[in-house]
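# Report on the structure
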Amino acid sequence: MNASDPSPPQPPFWRSTPGIAAGMLLVIALFYLAREHYGHVSLLLPYAILLLCPLMHLLGHHRGGHGRHGETDDTTKGGRSG
């Protein structure tokens, strides 16, 4: 039995030629929209930063921020070296 596959695996869409072309067109379109509407968006940037601060604070606590102050690595793993 021959276990080797004669056809090479297909690359993901974003690594194929049409995918790269679509990505480039998307970047161009986003740049155009950002350039044309910068005057409108720039007025909202301070408010966006203020709204993102509480969101980042809430999401950051789930990644090991608070709740384990004063504990060592040995006590968090459930064992003690001694």
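Each chain carries its own residue numbering, running from 1 in the written order of its sequence. Local features in this predicted model are restricted to residues of pLDDT 70 or higher, and side-chain atom pairs are both shown and tallied only at a pLDDT of 80 or more, whereas totals for entire chains, interfaces and linings draw on every residue. Excluded from the side-chain calculation are hydrogens and water; included are all heavy atoms of the structure.

### Quick word on the overall build of the protein
A count of helices and strands for the protein gives four helices and zero strands. Numbered from the N terminus, helices here are DSSP runs of H or I no shorter than four residues, and strands are runs of E no shorter than two. Reading the helices (α) and strands (β) of the protein from amino to carboxyl end gives α-α-α-α. Using a 1.4 Å probe, accessible areas were evaluated by the Shrake-Rupley method; residue-level cover was limited to the displayed protein chains. Carbon and sulfur atoms provide 66% of the accessible area of the protein, an area that totals close to 8100 Å².

### Here's the deal with the packing of aromatic side chains
Two aromatic rings from Phe, Tyr or Trp, using only the six-membered ring of Trp, form a pair when their centres are within 6.5 Å; if the ring planes differ by under 30 degrees the pair is stacked, by over 60 it is edge-to-face, and anything between is tilted. A full pass over the atoms with the stated rule returns one aromatic pair. Pairing F13 with W14 gives two aromatic rings, centres 5.1 Å apart and planes at 70°, and the pair type is edge-to-face. Exposure is judged per residue with a 1.4 Å probe applied to protein chains only, and the accessible area is read against the type maximum: over 50% gives exposed, under 20% gives buried, and values in between give partly exposed. Taking the relative accessible area as the measure of exposure, F13 reaches 46% and is therefore partly exposed. A relative accessible area of 56% places W14 in the exposed class.

### Observations concerning the confidence of the model for the protein
pLDDT gives the predictor's per-residue confidence on a scale running from 0 to 100. With 68% of its residues at a pLDDT of at least 70, the protein reaches an overall mean of 79. Helix α1 (residues 17–36) holds the highest mean pLDDT among the elements of the protein, 94, whereas helix α4 (residues 73–76) holds the lowest, 56.

### Overview of a nonpolar patch on the surface
Judged by side-chain polarity, L26, L30, Y32 and L33 come together as a nonpolar surface patch covering roughly 430 Å² of accessible area. Turning to its location among the elements, L30 is positioned in helix α1. Assessed through its relative accessible area of 51%, L30 is described here as exposed. A patch consists of residues exposed above 30% relative accessible area that lack any salt bridge, with like charges linked at up to 9 Å and nonpolar side chains (Val, Leu, Ile, Met, Phe, Trp, Tyr) linked at up to 5 Å. Salt bridge criterion: a side-chain nitrogen from Lys or Arg within 4 Å of a carboxyl oxygen from Asp or Glu.

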